[in-house]
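What the coordinates show
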Amino acid sequence: MADSIRQQIINAVDARLKTITTVNGYNHNLGFNVFEWRDTSLSDPELPALIYRDISCETVYLEAHRHRLHIEVELVIKDISASAVRKMIADVLKAVGTDVQWSLLAINTHPEGDEMMVKQADKIIGGAIVRFAIEFRTVEWDPYTTI
């Protein structure tokens, strides 16, 4: 059976995040290490890294099922400044905004904010969480068919 619309959107998110490279006009090569729901420690060669999660999905009925899929992208970075973390946040937002309809799988995409942190101890470690929501519709009780 084909993937659900939600899975197709997640596949598109994965592919889009992997385009975040300097060759594609971004500030950093975040697209080299992209992980879905990674919960194990990252090694130095895997940094910087992006870990994305589809943390929740609200569904309402309006003549079809209308979904609001909440995505969280965590940036994990080592030896970085606060200004560089801000550029990485901007890279993620720019990538998400290149097609807010995800090749017509979705109605729209909305930013939901971000958080960042930079710690300085033995080494500088930075990070951020970028949140956005993807709105899409499916046929009533059919998660495989978009409207």
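Here's a quick rundown of the structure. (Residues numbered from 1 in each chain as written. Predicted model: local features only at pLDDT ≥ 70, side-chain atom pairs only at ≥ 80, totals over all residues. Heavy atoms only, no water.)

**Some points on the overall build of the protein**
Looking only at helices and strands, the protein has two helices and six strands in total. In terms of C-alpha radius of gyration, the protein reaches 16 Å, essentially the compact-globule figure of 15 Å for 147 residues. Considered along the principal axes of its C-alpha atoms, the protein spans approximately 55 × 30 × 30 Å. At a minimum sequence separation of 6, the contacts of the protein that also span at least 24 residues come to 57%. A total of about 8,000 Å² of accessible surface is found on the protein, and carbon and sulfur atoms cover 52% of it. (Helix = DSSP H or I, 4+ residues; strand = E, 2+ residues; numbered from the N terminus. Rg over C-alpha atoms; globule rule 2.2 N^0.38 Å. Contact = heavy atoms within 4.5 Å. Areas by Shrake-Rupley, 256 points an atom, 1.4 Å probe, with all protein chains shown as cover.)

**Comments concerning the pattern of salt bridges**
All told, the structure shown has twelve salt bridges when counted by the stated rule. Between Asp99 and Arg16 there is a salt bridge whose closest N-O contact spans 4.0 Å. Of this pair, Asp99 sits in the loop between α2 (82–96) and β4 (108–120) while Arg16 sits in helix α1 (residues 5–17), placing them 83 residues apart in sequence. What makes Asp99 partly exposed here is its relative accessible area of 25%. Residue classification places Arg16 among the buried residues on the basis of a relative accessible area of 13%. In this structure, the salt-bridge partner of Glu46 is Arg38, at a minimum N-O distance of 2.9 Å. Take Glu46 and Arg38: they sit in the same class, and that class is buried. (Salt bridge = Lys/Arg side-chain N within 4 Å of Asp/Glu carboxyl O. Buried < 20%, exposed > 50% of the residue type's maximum accessible area, 1.4 Å probe, protein only.)

**Overview of the side chain of Asn33**
By the secondary structure assignment, Asn33 is in the loop between α1 and β1 (34–36). Using a relative accessible area of 16% as the deciding quantity, one classes Asn33 as buried. A distance of 3.3 Å separates a polar side-chain atom of Asn33 from the backbone oxygen of Pro48. The contact partners of Asn33, leaving out residues within four places of it in the chain, are Pro45, Glu46, Leu47, Pro48, Ala49 and Leu50. (Polar contact = N/O pair within 3.5 Å; in protein donor to acceptor, adjacent residues only side chain to side chain.)

**Structural notes on the pairing of strand β3 (residues 65–78)**
Burial within β3 is extensive, with ten of its 14 residues counted as buried. In this structure, strand β2 (residues 49–61) lies alongside β3, joined through twelve bridges in antiparallel fashion. Note that in β3 the partner of Glu58 across the bridge is Arg68. From the end of β2 to the start of β3, which pair antiparallel, there are three residues, and Glu63 there has a positive phi angle of about 65°. (Pairing = 2+ DSSP bridges.)

**Re the environment of Ala106**
Tracing the backbone shows Ala106 in the loop between α2 and β4. Taking the C-alpha atoms as reference points, Ala106 and Ile134, separated by 28 residues in sequence, lie 6.7 Å from one another.

**Details of the nonpolar core**
Formed by 32 residues in total, the largest nonpolar core has its most connected members in Leu17, Leu50, Leu75 and Val92. When residues of this core are assigned to their parent elements, the largest contribution, seven residues, is made by α2. (Core = buried A, V, L, I, M, F, W, Y, C linked by side-chain atoms within 4.5 Å.)

That's the geometry; what it means functionally is another story.
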